[in-house]
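# A closer look at the structure
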Amino acid sequence: MIIFSCLKKEFEFLIKNHTISNKVYDAYKEKLGKKTKLSQIKAWANSLPFMLPILKDLPDNVGIAIEFNIPLTSKRVDLVVSGYNKEKKPVLILIELKQWQWLVSVRNEDAIVRTKIDGKEKNALHPAYQVLCYAELLKSYNEYVEKEKVMIYPLVYLHNYISKENDELFLNKYKKYYLKSFIYDKTSALNLKNTIDNLISYGDNLDIIEKIDQSKIKANKKLVNVIDKMIQNNKEYILVDEQKVICEDIIKEAKMAFTFNQKKVIIVKGGPGTGKSVLAIHILGELLKLGLMGAYVSKNMAPRKVYKNSLVCNNEVSINEIFKSSGYFFLDNENKYDFLLVDEAHRLQEKSGLHNNVGENQIKEIIKAAKLSVFFIDEKQIVTLKDIGTIANIKYFAHEFNIPILEKELNSQFRCSGSDSYLDFIEHFLYNKRGKVKFNFDFKVMNSLHDLRNIIKEKNTDNNARLVAGFCWTRNAKESDNQNYMDIKIDDFEASWNLKHGEPFATRKNAINEIGCIHNVQGLEFDYIGVIIGPDLKYQDGKVLTDYKKRANTEKSLYGLYVLMKQDKNYYELLADEIIRNTYRVLLTRGIKGCYVYACDKKLQEHLKKIVNNNRVINN
């Protein structure tokens, strides 16, 4: 969407008559149906006039767009200039305008600076990174840009800023951005003018901007080929048995939804290790190859980061738009996407946003936004009070939209050495089921936490073994990125807990020296997993029981439990019990080759040792 556009001649007239901000504001209200902040109006009034001397020598019929919307996002470029170069090739210049007068770098943060915005000091994106992202998204997802080979140039103009020697704006850590997106300050306005004059020789009468705006949104061939090559060369994404059958069924349904513009919902059920995530990633690649536009969706950030990094090693900005959070779709129009593949659908929540106060319902919003919605689900992986991802809820909203529903099921086990019986063992152990279960899987109860840590470190030959724990320890938020701070202390055992880093816990090379939580590993798998069973799981009177009071008070999965129990004590006690059991079910099923455990509750530790004998037999 273009908020406001005109030819350069009209732009000059509006600037000289001091009416540019009024024109843009009127267009903003008309196009978006709402008002904007006074600070935004002031920004138009203050920044746009600085472009008058910069553009003055361009042809009168050069195109100008203000607040140009970037596809797949709600972000808008401040100013866009369109025309043709000396060879009559289409050119689009993206200009990010900033009123900043100073900035400082933010420690340990990539592409983040600190400056004053609306009178307050705030963190903000480095402007070169910001406008470079916009350019990459246009190159990657606009059919007209790809077909016509539109040359896109991202530029930054800090018209109030005077750079100094060793300026923090140009630190080496930002070099990869400002070398591709040139920055001009108050003292280099003439250089900016010369750059633009050299890029555009002929006007286009707004033709380029309008065709880009009206063009189909789809991943370009380069991006699709990169993803396809990565998937085909990665043995983890090979499909077998019913995975392949379900994949072909979903591809067929996606084609029909696109061809006949018909919405459909598919529910794919499967327990831990049945290949739900692998199937989702494979389907993503296949549907993008067909020219359909969609995304892999998950509530947890960890799997998105891991799969994204495994597909595109240089972490291109454009890949972000096909790996989205489940809280992204509350503002989207109906059928914006051809497909959405929702992994870990059991983790969907009602509200979105940092404070869970945005949107209406994530299931409803996803179904509305896509022609084909595919939900990969295991209801026994619901692990917080806010999780609403049940099959019943998905069906409810599908019926509300009057959409047909297909159900598929994955049964074959690809994790835990392919041992379905090991999963049966975990079910019997955690949920007090009776009966004997034999399994063939490397499962050991360690004598101490030191032994547990040592064996996991020993198995970490390919950086694919991890140590995790239940939510029974308080994390110090001030030390959340300090691996030398020991949050977990059990007798003489100490470890850092649930740290925050830029790189995912699952792939970070030094993560073997810390302990992760369920949010670091749900939806992922490792060769070996070590699990510390906290005091929230215990053995008493011949049964495995839970104790929600042993959960850390900083942990959010049971946040608000005591308030809810005032409404219905029995229901929410049972729900808390289920969440704790489900949490350990997830943790105990992350290992492909082996799982090693230690239970803090002494009776539970002895119970585990007793039932895991040489024959791998459980008999409750």
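All values derive from a computational prediction rather than experimental measurement. (Residues numbered from 1 in each chain as written. Predicted model: local features only at pLDDT ≥ 70, side-chain atom pairs only at ≥ 80, totals over all residues. Heavy atoms only, no water.)

## Some thoughts on the overall build of the protein
Note the threshold: Elements are defined by DSSP. Helices are runs of H or I of four residues or more, strands are runs of E of two residues or more, and each kind is numbered from the N terminus. A radius of gyration in this sense is built from C-alpha atoms; the matching globule rule multiplies 2.2 Å by the number of residues raised to 0.38. Only protein chains enter the accessibility calculation, which uses a 1.4 Å probe; a residue whose area is less than 20% of its type maximum is buried, one above 50% is exposed, and one in between is partly exposed. For the area figures, the Shrake-Rupley method with a 1.4 Å probe applies, and any residue is considered shielded solely by the protein chains shown. Positive: Lys, Arg. Negative: Asp, Glu. His and the chain ends are not part of the count. Charge placement uses NZ in Lys and CZ in Arg. For Asp and Glu, CG and CD serve respectively.
When helices and strands are tallied, the protein shows 21 helices and 26 strands. Computed over C-alpha atoms, the radius of gyration of the protein comes to 27 Å, within 12% of the 25 Å expected from 2.2 N^0.38 for 620 residues, which places it in the range of a compact globule. Referenced to the eigenvectors of the C-alpha coordinate spread, the extents of the protein come out at roughly 85 × 55 × 50 Å. When each of the 620 residues of the protein is scored for burial, the buried share is 56%. For the protein, the accessible surface area stands at approximately 28,100 Å², while carbon and sulfur atoms represent 47% of it. One way to put it: in the protein the 95 positive side-chain charges average out to a point 1 Å from where the 78 negative ones average out.

## Digging into the nonpolar core
Worth spelling out the cut-off: To form a nonpolar core, buried Ala, Val, Leu, Ile, Met, Phe, Trp, Tyr and Cys residues must be joined to one another through side-chain atoms within 4.5 Å.
Judged by nonpolar contacts, the single largest core of 172 residues is most densely connected at Phe443 and Leu588. It is helix α5 (residues 127-141) that contributes the most residues to this core, ten residues altogether. Counting 35 residues, the second largest nonpolar core, distinct from the first, contains Ile15, Leu48, Leu58 and Ile200.

## So, the packing of aromatic side chains
In plain terms, the rule: For Phe, Tyr and Trp, where Trp contributes only its six-membered ring, two rings pair if their centres lie within 6.5 Å, and the inter-plane angle classes them as stacked under 30 degrees, edge-to-face over 60, or tilted in between. Geometrically, a charge over a ring is one whose NZ (Lys) or CZ (Arg) sits within 6 Å of the ring centre while staying within 35 degrees of the ring normal.
Scanning all chains against the criterion turns up 17 aromatic pairs. When the centroid spacing of 6.1 Å and the interplanar angle of 10 degrees are considered together, the rings of Tyr528 and Tyr596 count as stacked. Of the two residues, Tyr528 sits in strand β22 (residues 526-533) while Tyr596 sits in strand β25 (residues 591-599), which places them 68 residues apart along the sequence. Of the aromatic side chains, those joined through ring pairs into one cluster are Tyr422, Phe425, Phe429, Phe441 and Phe443. Positioned above the aromatic ring of Phe401 is the side chain of Lys263, whose terminal nitrogen or guanidinium carbon lies 5.8 Å from the ring centre.

## A short note on helix α12 (residues 276-289)
The criterion, for reference: The span you would expect from a helix comes to 1.5 Å times its residue count less one.
In a regular helix each residue adds 1.5 Å, so 14 residues correspond to 20 Å; α12 covers 20 Å between its end C-alpha atoms and thus fits that length. For α12, a buried count of 13 out of 14 residues is recorded, marking the element as mostly surrounded by other parts of the structure. Just downstream of α12 lies Gly291, where phi reads positive at about 90 degrees.

## Here we look at the sheet that holds strand β13 (residues 337-342)
Working definition: the strands of a sheet are paired by backbone hydrogen bonds and lie parallel or antiparallel to each other. The line we're drawing: Here the rule is simple: two strands pair whenever DSSP picks up at least two bridges between them. Under this scheme, a helix contributes an axis fitted over its contacting stretch, all axes are lines through C-alpha atoms, and angles between N-to-C directions fall in the 0 to 180 degree range. Contact between two residues is taken to exist if any of their heavy atoms lie within 4.5 Å; hydrogens are not considered.
If you walk across this open sheet you meet the six strands as β12-β11-β13-β14-β10-β15, and the pairing is parallel. Strands at the two margins of the open sheet, each flanked by one partner only, are β12 (323-325) and β15 (405-410). On average, each strand axis in the sheet is tilted by 20 degrees relative to the strand beside it, whichever way the strands run. As judged from the six bridges shared by strand β10 (residues 264-270) and β15, these two strands associate in the parallel manner. Bridge assignment links Val265 to a residue of β15, and that residue is Ile405. Against the sheet, α12 touches β10, β11 (294-298), β12, β13, β14 (370-377) and β15, its axis set at about 165 degrees to β13.

## Focus: the environment of His399
Relative to the helices and strands, His399 is located in helix α15 (residues 391-400). Owing to a relative accessible area of 56%, His399 belongs among the exposed residues under this scheme. As a C-alpha pair, His399 and Val265 span 134 residues in sequence and 9.9 Å in three-dimensional space.

## Digging into the side chain of Asn520
This is how it is decided: In protein, a polar contact requires one atom able to donate a hydrogen and another able to accept it; more generally it is a pair of N or O atoms within 3.5 Å, and residues adjacent in sequence count only if both atoms are side-chain atoms.
Of note, Asn520 is situated in helix α18 (residues 518-521). By relative accessible area, Asn520 is classed as buried at 15%. Reaching out from Asn520, the side chain makes a polar contact with the backbone nitrogen of Cys517 at a distance of 2.8 Å. Not counting residues up to four positions away in its chain, the partners in contact with Asn520 are Ala302, Asn498 and Phe505.

## As for the pattern of salt bridges
Selection rule: The term salt bridge refers to a side-chain nitrogen of Lys or Arg lying within 4 Å of a carboxyl oxygen of Asp or Glu.
For the structure on display, the rule yields 35 salt bridges. The residue Asp536 makes a salt bridge to Arg551 at a minimum N-O spacing of 3.0 Å. Separated by 15 residues along the polypeptide, Asp536 in the loop between β22 and β23 (537-540) and Arg551 in the loop between β24 (543-546) and α19 (561-565) bring together distant segments of the chain. As far as the burial class goes, Asp536 and Arg551 line up, both buried. Members of the salt-bridge network, linked through shared partners, are Asp378, Lys380, Glu427, Lys433 and Arg585.

## A closer look at the sheet that holds β25
Strand order in the open sheet formed by four strands is β17-β25-β22-β18, with parallel pairing between adjacent strands. Two strands bound the open sheet, and with one partner strand each, they are β17 (442-445) and β18 (465-469). Taking the axes of each pair of neighbouring strands and ignoring which way they run, one obtains an average angle of 15 degrees across the sheet. As defined by bridge partners, β18 adjoins β22 across five bridges and the pair is classed as parallel.

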